[in-house]
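# Chains, contacts and geometry: an overview
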Amino acid sequence: MLKSNYQKIYSGNQFDVLAIVEELHAIHIEGIVKDETESGRLAGFGTAIPGEQDLYVHNDEVEKAKELLENRLKKS
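Everything numeric in this text was worked out from a predicted model, so none of it was measured.

Scoring rules and cut-offs
Residues numbered from 1 in each chain as written. Predicted model: local features only at pLDDT ≥ 70, side-chain atom pairs only at ≥ 80, totals over all residues. Heavy atoms only, no water. Helix = DSSP H or I, 4+ residues; strand = E, 2+ residues; numbered from the N terminus. Contact = heavy atoms within 4.5 Å. Areas by Shrake-Rupley, 256 points an atom, 1.4 Å probe, with all protein chains shown as cover. Pairing = 2+ DSSP bridges. Axes fitted to C-alpha atoms, helices over the stretch in contact; angles between N-to-C directions. Polar contact = N/O pair within 3.5 Å; in protein donor to acceptor, adjacent residues only side chain to side chain. Parallel < 35°, antiparallel > 145°, perpendicular 65-115°, else oblique. Left-handed = near helix turned anticlockwise from the far one by under 90°. Nonpolar A, V, L, I, M, F, W, Y, C, P; charged D, E, K, R; others polar.

Turning our eyes to something else, we now look at the overall build of the chain. In terms of helices and strands, the chain carries three helices and three strands. Each helix and strand of the chain, ordered N terminal to C terminal, gives the series β-α-β-α-β-α. Considering only residue pairs separated by 6 or more positions, the chain has 72% of its internal contacts joining residues 24 or more positions apart. Element-wise, carbon and sulfur atoms account for 54% of the exposed surface of the chain, whose accessible area totals about 5700 Å².

Across the sheet, three strands lie side by side as 1-3-2; this open sheet has antiparallel pairing. Edge strands, defined here as strands with exactly one partner in the open sheet, are strand 1 (6–13) and strand 2 (32–34). Direction aside, neighbouring strands of the sheet carry axes that sit 30° apart on average. Direction of pairing for strand 2 relative to strand 3 (residues 52–58): antiparallel, over a ladder of three bridges. The residue of strand 3 that forms the bridge with Val33 is Leu55. Helix-sheet contacts for helix 1 (residues 14–26) involve strand 1, strand 2 and strand 3, and the interaxial angle to strand 1 is about 135°. In the packing of helix 3 (residues 62–75) onto the sheet, the strands contacted are strand 1 and strand 3, and the crossing angle to strand 1 comes to about 20°.

With that out of the way, let us pick up the environment of Glu23. Relative to the helices and strands, Glu23 resides in helix 1. Residues contacting Glu23, with those up to four places away along its chain left out, are Leu68 and Arg72. Polar side-chain contacts of Glu23 include one of 2.9 Å to the side chain of Arg72.

We now examine the packing of helix 1 against helix 3. Direction vectors running N to C along helix 1 and helix 3 enclose 120°, while the axes themselves pass 11 Å from each other. By the angle class used here, helix 1 and helix 3 are oblique. Like other packed secondary-structure pairs, helix 1 and helix 3 cross with a definite hand, here right-handed. Contact with helix 1, carried on its side by Asp16, Ala19, Ile20, Glu23 and Leu24, involves Ala65, Leu68, Leu69 and Arg72 of helix 3 and no other residues of that element. When the residues that make up the contact of helix 1 with helix 3 are grouped by side-chain class, the tally is six nonpolar, no polar and three charged.

Following this line, the structure appears as C-alpha cells:
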C-alpha cells in the first residue's frame with residue numbers, strides 16, 4: 001500500500017469546503033479537494049452522498065490547518 005503525504009482534515013458539502021479552501025489559501029496552505037461524486041460521474045458511476053467532498057492537506061501543514069478549522073468552529 002502506498003503511503004500518502006496528505007491527510008484528510010474535513011468532509012462536508014462543497015460550499016463549506018470551498019470556504020475552508022479560501023481560508024487555507026489566506027495562510028498559504030494548499031488544500032486538495034476530492035469529490036467522489038464528480039469522479040464517479042465522469043467514470044459513469046454514482047455515489048451515495050452527492051455533493052460530499054473531502055479536503056486534504058500536506059502532512060507538514062495538518063496542525064496549522066486543524067487549528068484554522070477549530071477557530072472556524074468557535075466562530076459559528
